[in-house]
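Spelled out, the chains give:
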Number of protein chains: 2
Amino acid sequence: MSILVVGSVAFDTLKTPFGERKKILGGSATYFSLSASFFTPVRVVAVVGEDFTSEHEAVLTSHGIDTRGIEHATGNTFHWGGEYGENVNEAKTNFTDLNVFENFAPKIPALYDDTEVLFLGNIQPALQLDVRRKMPRVAMVGADTMNLWINITRADLLETLKEVDVLLINDGEAKLLTGEHSLVLAAKKILTLGPTSLVIKHGEYGATIFFADGSHPFRAPALPIAEVHDPTGAGDTFAGGFMGYIASQPKITPAVLKRAMFYGGVMGSFTVERFGTERLQSLTKEEIEERFKLFRSLTHLD
Amino acid sequence: MSILVVGSVAFDTLKTPFGERKKILGGSATYFSLSASFFTPVRVVAVVGEDFTSEHEAVLTSHGIDTRGIEHATGNTFHWGGEYGENVNEAKTNFTDLNVFENFAPKIPALYDDTEVLFLGNIQPALQLDVRRKMPRVAMVGADTMNLWINITRADLLETLKEVDVLLINDGEAKLLTGEHSLVLAAKKILTLGPTSLVIKHGEYGATIFFADGSHPFRAPALPIAEVHDPTGAGDTFAGGFMGYIASQPKITPAVLKRAMFYGGVMGSFTVERFGTERLQSLTKEEIEERFKLFRSLTHLD
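Rules used throughout
- Residues numbered from 1 in each chain as written.
- Chains lettered and ligands numbered in written order.
- Predicted model: local features only at pLDDT ≥ 70, side-chain atom pairs only at ≥ 80, totals over all residues.
- Heavy atoms only, no water.
- Helix = DSSP H or I, 4+ residues; strand = E, 2+ residues; numbered from the N terminus.
- Rg over C-alpha atoms; globule rule 2.2 N^0.38 Å.
- Buried < 20%, exposed > 50% of the residue type's maximum accessible area, 1.4 Å probe, protein only.
- Areas by Shrake-Rupley, 256 points an atom, 1.4 Å probe, with all protein chains shown as cover.
- Lys, Arg positive; Asp, Glu negative; His and termini not counted.
- Charge placed at Lys NZ, Arg CZ, Asp CG, Glu CD.
- Least-squares fit on C-alpha atoms with pLDDT ≥ 70 in both.
- Contact = heavy atoms within 4.5 Å.
- Salt bridge = Lys/Arg side-chain N within 4 Å of Asp/Glu carboxyl O.
- Core = buried A, V, L, I, M, F, W, Y, C linked by side-chain atoms within 4.5 Å.
- Phe/Tyr/Trp six-rings, centres within 6.5 Å; stacked < 30°, edge-to-face > 60°.
- Lys NZ or Arg CZ within 6 Å of the ring centre and 35° of its normal.
- Pairing = 2+ DSSP bridges.
- Axes fitted to C-alpha atoms, helices over the stretch in contact; angles between N-to-C directions.
- 1 Å grid on protein atoms, 1.4 Å probe; cavity = no way out; pocket = protein on both sides within 12 Å on 5 of 7 lines; lining within 4 Å.
- Points joined across faces, edges and corners; volume = space filled by probe spheres on them.
- Nonpolar A, V, L, I, M, F, W, Y, C, P; charged D, E, K, R; others polar.
- Polar contact = N/O pair within 3.5 Å; in protein donor to acceptor, adjacent residues only side chain to side chain.
- Expected span 1.5 Å × (residues − 1).

(A) Molecular detail of the overall build of chain A. A tally of helices and strands in chain A yields 11 helices and 13 strands. Relative to the compact-globule value of 19 Å for 302 residues, chain A shows a C-alpha radius of gyration of 18 Å, a close match. With respect to the principal axes defined by its C-alpha atoms, chain A has extents near 50 × 40 × 35 Å. Going through the 302 residues of chain A one by one, you find that 59% of them count as buried. Carbon and sulfur atoms provide 52% of the accessible area of chain A, an area that totals close to 11800 Å². In chain A, 28 positive and 37 negative side-chain charges are present, and the distance between their average locations comes to 5 Å.

(B) Representation of the relation of the copies chain A and chain B within the structure. Mapping chain A onto chain B calls for a screw motion: a turn of 180° about the axis and a shift of 0.0 Å along it, with 0.0 Å RMSD after fitting. Viewed as a symmetry operation, the transformation between the two copies matches a two-fold axis. The share of interface residues of chain A whose copies in chain B are also at the interface is 100%, consistent with both copies meeting through the same surface.

(C) Examining the pattern of salt bridges more closely. All names here are of chain A. Scanning the entire structure with this criterion turns up 32 salt bridges over all chains. Ionic pairing is found between R133 and E163, a salt bridge with its closest N-O pair at 2.8 Å. Here R133, found in helix α3 (residues 125-134), pairs with E163, found in the loop between α5 (154-161) and β10 (166-170); they are 30 residues apart in sequence, far enough to count as distant. Through salt bridges with shared partners, a single ionic network connects E273, R279, E287 and R291.

(D) Quick peek at the nonpolar core. Counting residues in hydrophobic clusters, the biggest one holds 76 residues, and the most contacted among them are L198 of chain A together with L198 of chain B. Apart from residues lying up to four places away in sequence, L198 of chain B is in contact with L167, I169, A187, I190, L191, T208, I209 and F210 of chain B.

(E) The packing of aromatic side chains, seen in detail. Counted according to the given criterion, the structure contains 25 aromatic pairs over all chains. Here the aromatic rings of F39 of chain B and Y245 of chain B are separated by 6.4 Å at their centres, their planes lie at 85°, and the arrangement is edge-to-face. Of this pair, F39 of chain B sits in the loop between α1 (28-36) and β4 (42-48) while Y245 of chain B sits in helix α8 (residues 234-248), and the two are 206 residues apart along the sequence. Taking NZ or CZ as reference, R21 of chain A lies 4.2 Å from the ring centre of F275 of chain A, over its face. Here the basic side chain of R291 of chain B rests over the ring of F270 of chain B, its NZ or CZ set 3.9 Å away from the ring centre.

(F) Main features of the sheet that holds strand β3 (residues 19-26) of chain B. Residues and elements named next belong to chain B. If you trace the four strands from one edge of the open sheet to the other, you get β3-β2-β6-β7, paired in mixed fashion. The strands lining the two open edges of the sheet, one partner per strand, are β3 and β7 (91-97). Each neighbouring strand pair of the sheet contributes to a mean axis angle of 15°, computed without reference to strand direction. Strands in contact with α1 are β2 (10-16) and β3; relative to β3, the strand with the most contacts, it is inclined by about 80°.

(G) Broad picture of the environment of E102 of chain A. Locating E102 of chain A in the fold gives a position in the loop between β7 (91-97) and β8 (117-120). A sequence separation of 96 residues divides E102 of chain A from L198 of chain A, and the C-alpha atoms of the two residues are 29 Å apart.

(H) Highlighting the layout of surface pockets. There is about 350 Å³ of room inside the second largest pocket. Forming the boundary of the second largest pocket are 16 residues, of which V184, K188, F210, S215 and P217 of chain A lie nearest the centre. Elements that contribute at least two residues to the lining of the second largest pocket include exactly α7 (183-190) and β12 (207-211) of chain A together with α11 (285-299) of chain B. Of the residues forming the lining of the second largest pocket, the biggest block, three residues, is contributed by α7 of chain A. Of the residues contributing to the lining of the second largest pocket, the split by class is 12 nonpolar, three polar and one charged.

(I) Seen up close, the sheet that holds β12 of chain A. Residues and elements named next belong to chain A. Strand order in the open sheet formed by nine strands is β5-β4-β1-β8-β9-β10-β11-β12-β13, with mixed pairing between adjacent strands. Taken across any chain shown, the strands that pair with only one partner, and hence form the sheet edges, are β5 (66-72) and β13 (218-220). Within this sheet the neighbouring strands show an average axis-to-axis angle of 15°, counted without direction. Of the strand pairs in this sheet, strand β11 (residues 197-201) and β12 are connected by five bridges, and their pairing is antiparallel.

(J) Region of the structure containing the side chain of T299 of chain B. Checked against the element boundaries, T299 of chain B lands in helix α11. By relative accessible area, which is 3% here, T299 of chain B ends up buried. Only 3.0 Å separates the side chain of T299 of chain B from the backbone oxygen of F295 of chain B, close enough to count as a polar contact. What T299 of chain B contacts, discounting residues up to four positions off in sequence, is F218, R219, F262, T299 and H300 of chain A together with P221 and F262 of chain B.

(K) Structural context of helix α8 (residues 234-248) of chain A. Residues and elements named next belong to chain A. For α8, with 15 residues, the first-to-last C-alpha span of 21 Å sits near the 21 Å given by 1.5 Å per residue. Across the 15 residues that make up α8, a large majority, 12, are buried. Listed in full, the buried residues belonging to α8 are D236, T237, F238, A239, G240, G241, F242, M243, G244, Y245, I246 and A247.

Shape is all these values report; function is a separate question.
This is how it looks when you write it as structure tokens:
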């Protein structure tokens, strides 16, 4: 099935203990679509500025990604600057230049009307809902969000969640959204808000999927990695592998969702090995299947 | 194989969001031995005071635990008082009355000379080493430690580690012991200090076992639990399940160590369901096997 992602295509200026990069390709929709492109046809809805060149676009199109939904606006592309210390789980933001992203109003090309799976990347919940309502016929809707929207646009977010099938967030976001200290109680609450599945990402400890129908949760590992060179985009890459694998399957079953959790972890583990999208750009399908086997051996008794 | 544990048999006075208990049976050797007793014969070396009654001892002996190594000294038993808030990962200590434990000098009854597996519970590293050297013929030695010993008796601890086969510690202890931020790098360092296997416990995220021979690590989940009634003893219970299962097997193989990781998690998940040793006291072998299956379904793709 084809998958459409709406989110940011951006530039990042980054510093980590392993080096620095200036104005490299980034953004939630970029990581998501590169990751998902290994599994299924991907379409992107985003906005970029005049500094987004054909070379940047070629990173996506060379992976077969349909970029006809990327709007080219006057001005500069969204540019984020940040750094990570020894604790790679905490980013320090140096600047956030929203530029053309500030007035992003997602437009869905008519060409994309037959999209079957929709992923609402981390943008304002009201925009997510708008896109979701423009795509009433999709078979499945995934979404991401962040602390900022939970804090300042909670009512909008709750409206959006009513029309989302699977939400992907991290531990801190799940707790903030529900006011619960226990992840299990937080998951229970969120599964009354709309989503029938909830993926909670635990960073280096992997991720858990919870189900509204009461079936047992499922835990996928993260790869024990000695050196995370750049954690940027790991969550979006996870989402791309997770949703991309689901979209590649003829039917969405519990077994498919479990394997999707593994593919999410597998894809995320590649991204953090190098800066930005470097590793995803050089990745092969064979490497993905090899690592999938490694993830299995990490967790399976036999 | 029989297993001998040396550690504390103590009383705990506890408060958690789910209630409180005064002077209930606790201590590392208590949790460890109750947990291991479901798998293999267990012997305990510890010291108690005059307030330790035959009823307390019966909790252990009714599980077939050999308590002839428990020394009865003049004075009171080690008594710890503490509480947990909403975040059950952080204990606040209200008092630590070492009492007879202050001058604990472990004596190994000659009866125990044929012990095959030794577990050095969380006591001073110099005492751990003394016990270990008194048991030169054991087939396998496990050990636990804590931040206090890493900080104030590091040299002793490093001597002890040279004669330990498997060390069980948590994330924070692994980082403190090595000065590494990355758990993988911390594990690599620790595996040069003596142990051939290292279990790092991640609390609610499960645990990982790392191997000195370079084979892939293995991750066992923790049960997603809505309400942890009392986290006291969870780590010692994990160790008891882990070591007890190993001791119950004819040969120590990688497959046995992986299953032992699951049994560690399974046993720990029971302990936190109620206060103190309450849940371990009422537990059955059937419940353990049932939960082992649940742990498998939590992590296995098929």
